[in-house]
Amino acid sequence: MYKRNNLKIGLVFSGGGAKGAYEIGVWKAIRKLKLEEYITVVSGTSVGALNCVLFVNKDLSKAEKLWRNITIENISKPTSEFLNSNILPFVEKLMLPQLRTTKKYIKSVIQKYISFGMISQIELKNLIEANINIKAINSFKGACYVCVFNVKKNRPEYIKINQLTKEKIILYLTASTAMPLVFDKVVIEGNEYYDGGIPYFGANTPIAPAVEENCDIIVSVITNQWGDFWGKENVPLNTKMWRIAPKEDQWGFIEGTFDFNSKNIRKRISQGYKEGLVVLEEVKQYIENTSPNKLIVN
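Nothing here was measured: the structure is a model prediction, and the numbers come from that model.

Asker: I'd love a proper account of the environment of Asn-69, names of residues and values included.
Answerer: The topology assignment puts Asn-69 in helix α3 (residues 60–69). Overall, Asn-69 belongs to the exposed group, its relative accessible area being 53%. Through-space distance from the C-alpha of Asn-69 to that of Arg-266 is 9.9 Å; in sequence the pair is 197 residues apart.

Here is the structure:
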C-alpha cells in the first residue's frame with residue numbers, strides 16, 4: 001500500500017469524441033502505477049468531461065466496458081449528407097493553416113455556423129445519465145470540473161460539479177459535449193452553453209481549474225498528436241507539467257471524432273496505456289524524489 005504524499009496533483013482530459021478512448025488507456029496506466037489516489041483535481045472538456053466523471057466514479061472496468069461497446073448510434077448518427085453539407089465546409093475553412101491565426105476570419109466562420117444543431121441530444125443525454133454515480137461524485141474528496149462554453153460571455157466556464165444535483169450534472173455534461181453544428185445549445189439557468197472546446201475561443205484542454213486549485217503537478221491528456229494548439233492557459237513556473245499525447249496521429253478531425261469502430265477504440269485504449277506508462281513513470285519518479293512523504297510500499 002502506498003503512503004499518501006502532500007503534493008496536489010491535477011488530471012486534465014481534453015475533448016476529441018471517439019479519440020477519448022485514448023484517455024481510458026492513460027487511466028489504466030495511472031492505476032497500474034498506483035497514482036490514482038494522489039489525484040485531487042480533475043478537469044475535462046466534452047468527452048474529456050465525461051471521462052473525468054467516470055474517473056471520479058472509480059470504476060475503471062465499467063468505463064472501459066462502456067468505451068469498448070459504444071457506437072455512433074449511442075450518441076446519434078450523423079448522415080454522410082449532413083457531414084458533407086454542414087461540418088466539412090466549416091472544418092475545411094477553419095483548419096486551413098494560413099487561417100489559424102486570423103482571428104477575424106475564424107470568428108466570422110464560427111458565428112456563421114454555430115447556430116446549427118442538426119442532431120438530437122436524447123441518446124447522448126441517456127448515455128450520460130446511465131453512467132453517473134452521484135454518490136461517488138459527491139463523496140470525491142477532491143474537485144471535479146466540467147468545461148462549457150458560455151455563448152453570451154463568449155468564453156469557456158469551468159463548472160465545479162461536486163455537490164450539484166444529478167440533474168444539473170447531466171445538463172452540464174450534455175452542454176460540454178454539445179458540439180456546434182452537430183448538437184443544439186443547452187440552456188441552464190438562462191445561460192446558453194455549447195461544447196467547451198469550441199476552436200479558438202474555447203478550452204479543449206482545460207488546465208485552468210488545476211492552476212486555480214494550486215496544483216503542484218498537472219498531467220494533461222491530449223487526444224491529438226499535435227497537441228492543443230487552441231490552448232491559452234498559462235501554467236505557473238513552479239507547477240510541474242506533463243503532457244500525454246498520441247505519438248502517432250491516426251485520426252483526423254472528422255474521421256477520428258466520429259470513429260467509434262470497436263477495433264479502433266481498443267487500439268486507442270491500448271495506445272493510451274502504453275504511452276501513458278512512459279510519461280507517468282516520470283511523474284511517479286518525481287513524486288518519490290520531491291515529496292516529504294515519499295511513496296512507501298508496505
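Once the structure has been displayed, the description carries forward.
Asker: Go over the pairing of strand β3 (residues 143–150) with me, naming the residues and quoting the values.
Answerer: Where burial is concerned, most of β3 is hidden: eight out of the eight residues are buried. Alternating residues of β3 divide into Ala-143, Tyr-145, Cys-147 and Phe-149 and Cys-144, Val-146, Val-148 and Asn-150, and every residue in both groups is buried. Sheet analysis places strand β2 (residues 39–45) next to β3, joined by five bridges and oriented parallel. Within the sheet, the bridge partner assigned to Val-42 lies in β3 and is Cys-144. The pairing of β3 with strand β4 (residues 155–160) spans six bridges and is antiparallel. Residue pairing in the sheet places Phe-149 in a bridge with Pro-156 of β4. Bridging between β3 and strand β6 (residues 191–195) involves three bridges; their strand directions are antiparallel. Among the inter-strand pairings, Asn-150 is bridged to a residue of β6, identified as Tyr-193.

Asker: Kindly report on the environment of Thr-257, identifying the contributing residues and their values.
Answerer: Following the sequence through the fold, Thr-257 ends up in helix α11 (residues 253–257). As a C-alpha pair, Thr-257 and Gly-17 span 240 residues in sequence and 4.4 Å in three-dimensional space.

Asker: Could you give an account of the nonpolar core, with specific residues and numbers?
Answerer: Counting residues in each nonpolar core, the largest one holds 71 residues, and the members touching the most others are Leu-11, Val-42, Trp-67 and Leu-280. In this structure Leu-280 touches Val-26, Ala-29, Ile-30, Leu-33, Leu-35, Val-219 and Ile-244, once residues within four positions along its chain are discounted. Core analysis: the next-biggest nonpolar cluster, separate from the first, contains 10 residues, Ala-210, Val-211, Cys-215 and Met-241 among them.

Asker: With reference to specific residues and values, describe the packing of helix α2 (residues 47–57) against α3.
Answerer: Between α2 and α3, the least distance of the axes is 10 Å, while the angle of their chain directions is 145°. Taking contact as the criterion, the partners of Val-47, Asn-51 and Leu-54 in α2 are, on α3, Ala-63, Leu-66 and Trp-67. When grouped by side-chain class, the residues that make up the contact of α2 with α3 number five nonpolar, one polar and no charged.

Asker: Can you break down helix α1 (residues 21–32) residue by residue, with the values?
Answerer: Helix length check: α1 (12 residues) gives 17 Å between terminal C-alpha atoms against 16 Å at 1.5 Å per residue, within 8%. Of all the 12 residues making up α1, nine are buried; the element is thus mostly covered by neighbouring parts of the structure. For α1, the complete set of buried residues consists of Ala-21, Tyr-22, Glu-23, Ile-24, Gly-25, Val-26, Trp-27, Ala-29 and Ile-30. Looking at the residues trailing α1, positive phi occurs at Lys-34, about 60°.

Thresholds, definitions, all that
- Residue numbers restart at each chain and count upward from 1, following the sequence in its written direction.
- Only residues with pLDDT of at least 70 get local features here, since the model is predicted, and only at 80 or more are side-chain atom pairs given and counted; chain-wide, interface and lining totals rely on the full set of residues.
- Excluded from the side-chain calculations are hydrogens and water; all other atoms, namely the structure's heavy atoms, are used.
- Only runs of H or I of at least four residues qualify as helices and only runs of E of at least two qualify as strands under DSSP, and these elements are numbered from the N terminus.
- The buried label goes to any residue with under 20% of its type's maximum accessible area, the exposed label to any with over 50%, and the partly exposed label to all in between, with areas taken from a 1.4 Å probe on protein chains only.
- Pairs of strands are assigned from DSSP output, requiring at least two bridges between the strands.
- Nine residue types can take part in a nonpolar core, namely buried Ala, Val, Leu, Ile, Met, Phe, Trp, Tyr and Cys, and a core is a set of them joined through side-chain atoms within 4.5 Å.
- Any two residues having at least one pair of non-hydrogen atoms within 4.5 Å are treated as being in contact.
- Interaxial angle, 0 to 180 degrees, is taken between N-to-C directions of lines fitted to C-alpha atoms, where a helix line uses only the stretch in contact.
- Under the convention adopted here, Pro, Cys and the residues Ala, Val, Leu, Ile, Met, Phe, Trp and Tyr are nonpolar, Asp, Glu, Lys and Arg are charged, and Gly plus all remaining residues are polar.
- The span one expects for a helix is its residue count, reduced by one, times 1.5 Å.

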